[in-house]
Amino acid sequence: GAGVSQSPRYKVAKRGQDVALRCDPISGHVSLFWYQQALGQGPEFLTYFQNEAQLDKSGLPSDRFFAERPEGSVSTLKIQRTQQEDSAVYLCASSLGTGTYEQYFGPGTRLTVT
Amino acid sequence: AQKVTQAQTEISVVEKEDVTLDCVYETRDTTYYLFWYKQPPSGELVFLIRRNSFDEQNEISGRYSWNFQKSTSSFNFTITASQVVDSAVYFCALSGLGPARQLTFGSGTQLTVLP
């Protein structure tokens, strides 16, 4: 079975541009997470979906960050008016249920803002 | 607040040596879960193990073993007879019981196994 996929794998944006990052979770996985990983650091939580409901967005660093999962499967993380500090790898993870299941990660999208 | 500390930033060993990666955590939750993930150069985080706070039994899986000690808030990971393919960044992570069950990661330990 397919794992978590993310696209694009690499994205270069000029400062001020909007970007959209896509995540395809494992089929049937209820929970979906977005994390941000800066160079040399561990991933940091951004937001969480249970099916289509965004239950926690406490990790989003600013109101320029927006995530959605309208049909409870594919999710998009959008960053408006990108800044250099947004440069990072954005990781998507999914898990089977709503308890503390292991999370399966995608390969990430490396965003570079110039 | 939760916190995970991996004090070893980088470790280098020669193939076939044993190596232990340290992980210390802080949480106010009485029930929590601990994880180890491996991040090879390709970048994708690979799940290795999940343990809950009620189960302090050590676990062995092939060349991997984990030592969970609640008294010292540690969850250390040992690779026996290391191989070059074990070279990666290893992350320890903690999950509480909040609605998101999100993972709090340590900063990772870069393990290099030399031939």
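Residues numbered from 1 in each chain as written. Chains lettered and ligands numbered in written order. Predicted model: local features only at pLDDT ≥ 70, side-chain atom pairs only at ≥ 80, totals over all residues. Heavy atoms only, no water.

1. Observations regarding the interface of chain B and chain A
- With 22 residues of chain B in contact, the opposing surface of chain A contributes 21 residues.
- In this structure, the connection of chain B to chain A is made through one salt bridge.
- Between R50 of chain B and E102 of chain A there is a salt bridge, with its nearest N and O atoms 3.9 Å apart.
- Between the two partners, chain B and chain A, sit four residue pairs in polar contact (both at pLDDT 80 or more).
- For the side of chain B that touches chain A, the secondary structure elements donating two or more residues are strand 5 (33–39), strand 6 (46–52), strand 10 (88–95) and strand 11 (103–105) of chain B. (Contact = heavy atoms within 4.5 Å. Salt bridge = Lys/Arg side-chain N within 4 Å of Asp/Glu carboxyl O. Polar contact = N/O pair within 3.5 Å; in protein donor to acceptor, adjacent residues only side chain to side chain. Helix = DSSP H or I, 4+ residues; strand = E, 2+ residues; numbered from the N terminus.)

2. A few points about the environment of Q37 of chain A
All names here are of chain A.
- Inspection of the secondary structure puts Q37 in strand 4 (residues 31–37).
- For Q37 and L21, which are 16 residues apart along the polypeptide, the C-alpha to C-alpha distance reads 14 Å.
- One polar contact links the side chain of Q37 to the main-chain carbonyl oxygen of Q41, over a distance of 2.9 Å.

3. Observations regarding the side chain of N76 of chain B
- For N76 of chain B, the position within the fold is in strand 9 (residues 74–79).
- Only 2.9 Å separates the side chain of N76 of chain B from the backbone nitrogen of C23 of chain B, close enough to count as a polar contact.

4. Some points on unusual backbone geometry
- Omega for the bond connecting S7 of chain A with P8 of chain A falls within 30 degrees of zero, at -10 degrees, which places this linkage in the cis form.
- Considering the arrangement of structural elements, one finds P8 of chain A in the loop between strand 1 (5–7) and strand 2 (10–13).
- Not every positive phi belongs to a glycine, and R81 of chain A is a case in point at roughly 45 degrees.
- When you line up the elements, R81 of chain A lands in the loop between strand 8 (75–79) and strand 9 (88–95).
- Residue classification places R81 of chain A among the partly exposed positions, given a relative accessible area of 42%.
- Phi at S73 of chain B is positive, roughly 50 degrees, even though this residue is not glycine.
- Tracing the sequence through the fold places S73 of chain B in the loop between strand 8 (64–69) and strand 9. (Buried < 20%, exposed > 50% of the residue type's maximum accessible area, 1.4 Å probe, protein only.)

5. Notes on the confidence of the model for chain B
- Predicted confidence across chain B gives a mean pLDDT of 92, with 97% of residues reaching 70 or more.
- For chain B, per-element mean pLDDT is lowest for strand 7 (residues 59–61) of chain B, which scores 83, and highest for strand 12 (residues 109–114) of chain B, which scores 98. (pLDDT = per-residue confidence, 0-100.)

6. Considering the state of the cysteines
- For the structure shown, the criterion picks out two disulfides over all chains.
- In this model C23 of chain A forms its disulfide with C92 of chain A; the gap between the sulfur atoms is 1.8 Å. Looking along the S-S bond of the C23 of chain A-C92 of chain A disulfide, the torsion reads about -65 degrees, which is the left-handed sense. Taken together, the positions of C23 of chain A in strand 3 (residues 19–24) and C92 of chain A in strand 9 put the pair 69 residues apart, joining distant regions of the chain. Here the two residues C23 of chain A and C92 of chain A agree in accessibility, since each one is buried.
- Two residues, C23 of chain B and C92 of chain B, share a disulfide whose sulfurs are 2.0 Å apart. Negative torsions about the S-S bond denote left-handed disulfides, and the value of about -65 degrees found for C23 of chain B with C92 of chain B makes this one left-handed. Taken together, the positions of C23 of chain B in the loop between strand 3 (19–21) and strand 4 (24–26) and C92 of chain B in strand 10 put the pair 69 residues apart, joining distant regions of the chain.
- The class for C23 of chain B is buried, based on a relative accessible area of 0%. (Disulfide = S-S within 2.5 Å.)

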